[in-house]
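# Descriptive analysis of the structure
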Amino acid sequence: MPPHGQPDDPFRFRTTHEIEALDAHFELRNVPPRADDRLLLACWNIANFGVQDRHDGALDILAHMCGKFDLIAVQEVNENWHPLANMVDRMGPTWDFIISDTASNSERLAFVYDRARVTPKQLFGEVALRANDFPKRDVTVHYTYYRKPKSETFPKFAFQPFDRNPYIGSFACGMVDLTLANCHLYYGKGGNPTTTDKRRAYARRIMEVHALARWAKRRRDKATTYDQDIILLGDMNVPTMTPNQGTYRALIEYGMQPIKYTSRVGGSNLAGDKSYDQMAFAPGRLSERIIDYDVFDFDNAVFAGLWDRISRDDTIRNKVSEFRDHVNYHLSDHRPLWVQLDVS
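The present account deals with the structure reproduced in this document.

Calculation notes
Residues numbered from 1 in each chain as written. Predicted model: local features only at pLDDT ≥ 70, side-chain atom pairs only at ≥ 80, totals over all residues. Heavy atoms only, no water. Pairing = 2+ DSSP bridges. Helix = DSSP H or I, 4+ residues; strand = E, 2+ residues; numbered from the N terminus. Contact = heavy atoms within 4.5 Å. Axes fitted to C-alpha atoms, helices over the stretch in contact; angles between N-to-C directions. Phe/Tyr/Trp six-rings, centres within 6.5 Å; stacked < 30°, edge-to-face > 60°. Buried < 20%, exposed > 50% of the residue type's maximum accessible area, 1.4 Å probe, protein only. Lys NZ or Arg CZ within 6 Å of the ring centre and 35° of its normal. Parallel < 35°, antiparallel > 145°, perpendicular 65-115°, else oblique. Left-handed = near helix turned anticlockwise from the far one by under 90°. Nonpolar A, V, L, I, M, F, W, Y, C, P; charged D, E, K, R; others polar. Salt bridge = Lys/Arg side-chain N within 4 Å of Asp/Glu carboxyl O.

Taken in spatial order, the six strands of this open sheet run β5-β8-β9-β10-β12-β11, and their pairing is mixed. Here the strands that pair on one side only, and so sit at the sheet edges, are β5 (119-126) and β11 (257-258). With five bridges joining them, β5 and strand β8 (residues 167-173) adopt antiparallel strand pairing. Of the residues in β8, the one forming a bridge with T119 is A172. Strands in contact with helix α4 (residues 196-221) are β8, β9 (176-184) and β10 (230-235); relative to β10, the strand with the most contacts, it is inclined by about 160°.

A few words on the packing of aromatic side chains. Evaluated as defined, the whole model comprises 19 aromatic pairs. Centre to centre, the rings of F124 and Y167 are 6.4 Å apart; their planes meet at 50°, and the pair counts as tilted. One end of the pair, F124, is in strand β5; the other, Y167, is in strand β8, and 43 residues separate them in sequence. Assessed through its relative accessible area of 26%, F124 is described here as partly exposed. The class of Y167 is buried, set by a relative accessible area of 7%. Chaining the aromatic ring pairs together yields one cluster made of F111, Y113, F124, Y167 and F171. Geometry around Y143 places R199 over its ring, the cationic atom sitting 4.1 Å from the centre. The ring of Y293 carries R264 above its face, with NZ or CZ at 4.2 Å from the centroid.

Let's shift gears to the packing of helix α1 (residues 15-28) against helix α2 (residues 56-66). The contact between α1 and α2 brings their axes to 10 Å, and the two run at 20°. Overall, the two elements α1 and α2 adopt an arrangement that is roughly parallel. Judged by the twist between their axes, the crossing of α1 over α2 is right-handed. On α2, the residues that touch T15, E18, I19, L22, D23 and F26 of α1 are G57, D60, I61, H64 and M65. For the contact of α1 with α2, the class distribution of residues is five nonpolar, three polar and three charged.

A few words on α2. Burial within α2 is extensive, with eight of its eleven residues counted as buried. Restricting attention to buried positions, one finds in α2 the residues G57, A58, L59, I61, L62, A63, M65 and C66. Buried residues belonging to α2 abut α1, β1 (38-49), β2 (71-78), α3 (82-91), β3 (95-99) and α7 (319-330).

Right, let's talk about the pattern of salt bridges for a bit. Overall, the coordinates contain 26 salt bridges when judged by the stated rule. Measuring nitrogen to oxygen at the nearest pair gives 3.0 Å for the salt bridge that ties R309 to D9. Here R309, found in helix α6 (residues 304-311), pairs with D9, found in the segment before α1; they are 300 residues apart in sequence, far enough to count as distant. Accessibility expressed as a relative area gives 35% for D9, which makes it partly exposed. Here D163 ties to R164 by a salt bridge, and the two come within 3.6 Å at their closest N and O atoms. Overall, the relative accessible area of 22% leaves D163 in the partly exposed class. Sharing partners across several salt bridges, the network here consists of R34, D70, D114 and R117.

Its place among the elements puts L178 in strand β9. With a relative accessible area of 1%, L178 lands in the buried category. In contact with L178, not counting residues within four places along its chain, are L39, L41, G169, S170, F171, D227, D229, I231 and L286.

Where strand β6 (residues 136-145) meets strand β7 (residues 148-158), nine bridges bridge the pair, whose relative direction is antiparallel. In the sheet register, Y143 faces β7, and the bridge partner there is K150. Between the end of β6 and the start of β7, which pair antiparallel, lie two residues, with Y146 showing a positive phi angle near 50°.

Written as structure tokens, this is what we have:
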């Protein structure tokens, strides 16, 4: 997506103060501390990482939040990966990262992990389907027109190659091995798809989710698969986890089990009304190890001084939008999603 520009009204924050507020919020939201017999796995779209000019204080805050987990799948790392490396350096000497090459929008995908807790294994690569294995199916897109529910079906709609190939990484922690498919799937057109072009773009989004879920099903059913304990995670651009949502239906149709985090704090966008980010488990041993999960709404903890200033300024019409402009620029427009697994 286009980078978030620096707000016209600059805001200077004290990093130590923001970190203290975040620590209190981690406790309020019952994010468990790291432990030897547990794995804290997270995914986070850190908006335009490497494009936006985040200063040292912002990198310290990002590093502090990521450091609450053991293994983080990161999306929207730019061609310029050095700010990611800078953030990881701030996390401590045992932290490291692995990145993919660039794809659409000059984006990379990354795994950030604590070597003292997590061990990379042998399988790393991209989900790249062969042309003769591209799925084709009827795709129905639901929308509203003058508040009336409508739908359009695209018969035998063909999958196009992934806009950004999902990045596979295999890891071990405690007694558990797992394979992660880190993804930032196609977005296309936002909002209610009221034109055929928008609905066709949304159909492409549905087909990317469908192709990824089908890939996971086929890999876990194959005896020679490196590791059948597969988790799909990242920014899948699934707006809502409801039956009428074509992307969500595509995610679950092959048995993948997404964590139902929206029933708690809310969505993974800053408005809290969208579930773009997902973490879906293959059925079986790994899903049975889930202890807890949630989304971490850091935006409700940081920059309290900025919100006080904005809320008192009667010249600012959209105070929430003004506040989020600063959060988007310094930190991100997505919230991290996390799950705790028993690895004993």
